[in-house]
Amino acid sequence: MTIRIAPRGGPATCPYCHDGLDPAAVACAGCGVGYHDECAATFGRCAILGCRVPLAVPGPEATPLPRLVAMASRLAALSATDLGGLGDDDDESFVVALLPGTPEHPDASAAVGELLGQTPYDGRLRLTSPVPEPLVRVRGRAAADAVVQRLAGRRARAVALPRHALLRPLGRTDAREVAPGEPPRLVVDGSGWDVPLPPAAERLVVAVQLVEVSPQTETKNLWSEARGRKAKVKTRRTLERRVEPGALVFGRAPGDPVLLRRDVARLSGCREPTTFGRWARVLAEVSRGATVERLEGGAASLLLTRRRPLVDQVEENLPGLLLAARVLHLAWLAA
Ligand SMILES: [Zn+2]
Ligand SMILES: [Zn+2]
């Protein structure tokens, strides 16, 4: 018997994001598999089990990184197994990320553009983003701190974060109920788990707006020439946009947040007549005395990614929110 091995038909895809590859991709020196520049820059190592060879990205010593939303959609597609081993012998890598809320200044935009090897306009896009934006990957804490200092000298506020802490699967725990008290208690999972929140001084609350956009097909009764009568006809596709308030709650330890959605709004003993009123009470209760950050409005819309690329058309912003909140949490822990 002869077994013939031939390339599969169709365009090559990138092992990290499973999207199609253009010819200008980065090839693994170990096994020859191709990657997008952005995927190679983000993960830095071949994804193929048993290979894991570092991926050389042409460019300066500081490797430019894609924007946060692109990084989030790549992370969302990966499991812990996919990511296993990425940080093993690469603990010296740091990601320098811009923090949102930096007042715009031409010198800051130019500094960010230079760092990325791009124009001041590209720098300005990241500087004015309402979410934290990764900029470069750097080897060694000292080199990362030097980049942060250089940016600070030019009015851009950035932090250096260990890369392995940033590039973990995007996990969270869903809470079902909040009971008042100090600190408030969370009922997690609906299975009766009663988990206390960290004390207010050790709690970071990231207020978010969960957005989901799904394409809908409208059906209308229209005159059909062919049938000589009115018939149901599928017409243009519209987008249904669902928006829901939520909050991601972190403690002092590094780790995944607890996600509170509006349907958690069963604050025991709360007599607010509307779901919205109850949600406002829950958020107030959880935020009291805690550090609060916000990823709402423009930040919420900016972070939309396809839920399952190639499979369905639904876009959601939860992976982006989880990654953005993770950057804020790591920056808060480091402060
Ligand atoms: Zn890719
Ligand atoms: Zn490889």
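These remarks concern the structure in this document. Small disclaimer: the values here were computed from a predicted structure and weren't measured.

**Considerations on the overall build of the protein**
At step 1: Across its full length, the protein holds 10 helices and 15 strands.
At step 2: Counting over 335 residues, the protein shows a buried share of 33%.
At step 3: When contacts within the protein are restricted to residue pairs at least 6 apart in sequence, long-range pairs at least 24 apart make up 61% of them.

**Quick word on the environment of glutamate 244**
At step 1: With respect to the secondary-structure elements, glutamate 244 resides in strand E11 (residues 229–250).
At step 2: Linking glutamate 244 and valine 208, residues 36 residues apart in sequence, is a C-alpha distance of 8.6 Å.
At step 3: In this structure glutamate 244 touches Leu210, Arg261 and Arg262, once residues within four positions along its chain are discounted.

**Details of unusual backbone geometry**
At step 1: Even without glycine at this site, histidine 18 takes up a positive phi of about 60 degrees.
At step 2: Structurally, histidine 18 is set in the segment before strand E1 (26–27).
At step 3: Among the residues examined, histidine 18 registers 13 C-beta atoms within 10 Å and is labelled partly exposed.
At step 4: Notably, arginine 52 is not glycine yet its phi reads approximately 55 degrees, a positive angle.
At step 5: Inspection of the secondary structure assignment puts arginine 52 in the loop between helix H1 (37–43) and strand E3 (63–64).

**Some thoughts on helix H5 (residues 120–127)**
At step 1: Residues of H5 that are buried: Gly123, Arg126 and Leu127. The buried residues of H5 occupy one face: seen down the axis, they fall within an arc of 100 degrees.
At step 2: Those residues of H5 that are buried lie in contact with strand E4 (93–98), helix H4 (106–116) and strand E5 (133–139).

**So, the sheet that holds strand E6 (residues 158–162)**
At step 1: Across the sheet, which stays open at both edges, the 4 strands sit in the order E3-E5-E4-E6 with antiparallel pairing between neighbours. Each having just a single partner strand, E3 and E6 make up the two edges of the open sheet.
At step 2: In the packing of H4 onto the sheet, the strands contacted are E3, E4 and E5, and the crossing angle to E5 comes to about 50 degrees.

**Structural notes on helix H10 (residues 318–334)**
At step 1: A rise of 1.5 Å per residue sets the reference length of H10, with its 17 residues, at 24 Å; its end C-alpha atoms lie 24 Å apart and thus fit the reference within 8%.
At step 2: With 13 of 17 residues buried, H10 is to be regarded as a mostly interior element.

**Notes on the packing of H4 against H5**
At step 1: Closest axis-to-axis distance for the H4/H5 pair is 7 Å, and the angle between their directions is 105 degrees. Between H4 and H5, the angle is such that the two are roughly perpendicular. Facing Pro106, Ala108, Ser109, Ala110, Ala111, Val112, Gly113 and Leu116 of H4, the residues of H5 in contact are Pro120, Asp122, Gly123, Arg124, Arg126 and Leu127.
At step 2: The residue inventory of the contact of H4 with H5, partitioned by class, reads 8 nonpolar, 3 polar and 3 charged.

**Some details on the nonpolar core**
Soluble, globular proteins show a tendency: their nonpolar side chains are buried together.
At step 1: Val96, Leu260 and Ala324 are the most contacted members of the largest nonpolar core, which has 79 residues in total.
At step 2: It is H10 that contributes the most residues to this core, 9 residues altogether.
At step 3: Discounting chain neighbours no more than four positions away, the residues touching valine 96 are Leu135, Val136, Val138, Ala144, Val147, Val148, Ala158 and Ala160.

**Describing the packing of helix H2 (residues 68–76) against H10**
At step 1: One way to put it is that H2 packs onto H10 with a least axis distance of 8 Å and a crossing angle of 110 degrees. As judged from the angle between their axes, H2 and H10 are roughly perpendicular. The two elements H2 and H10 meet at a crossing, and its hand is right-handed. Facing H2, whose interface residues are Leu68, Val69, Met71, Ala72, Ser73, Leu75 and Ala76, H10 presents Pro319, Gly320, Leu323 and Ala324.
At step 2: Grouping the amino acids of the contact of H2 with H10 by side-chain chemistry returns 9 nonpolar, 2 polar and no charged.

**Overview of the pairing of strand E10 (residues 204–224)**
At step 1: Two strands pair when backbone bridges link them, and E10 and strand E13 (residues 291–295) are joined in this way by 5 bridges, in the parallel orientation. Within the sheet, the bridge partner assigned to valine 205 lies in E13 and is valine 292.
At step 2: Here E10 runs beside strand E15 (residues 315–316); their pairing, made up of 2 bridges, is antiparallel. The residue of E15 that forms the bridge with glutamate 212 is glutamate 316.

The rules behind the values
- Residues numbered from 1 in each chain as written.
- Chains lettered and ligands numbered in written order.
- Predicted model: local features only at pLDDT ≥ 70, side-chain atom pairs only at ≥ 80, totals over all residues.
- Helix = DSSP H or I, 4+ residues; strand = E, 2+ residues; numbered from the N terminus.
- Buried ≥ 20, exposed ≤ 12 C-beta atoms within 10 Å, placed from the backbone.
- Contact = placed C-beta atoms within 7 Å.
- Arc of directions from axis to C-beta.
- Pairing = 2+ DSSP bridges.
- Axes fitted to C-alpha atoms, helices over the stretch in contact; angles between N-to-C directions.
- Expected span 1.5 Å × (residues − 1).
- Parallel < 35°, antiparallel > 145°, perpendicular 65-115°, else oblique.
- Nonpolar A, V, L, I, M, F, W, Y, C, P; charged D, E, K, R; others polar.
- Core = buried A, V, L, I, M, F, W, Y, C linked by C-beta atoms within 7 Å.
- Left-handed = near helix turned anticlockwise from the far one by under 90°.

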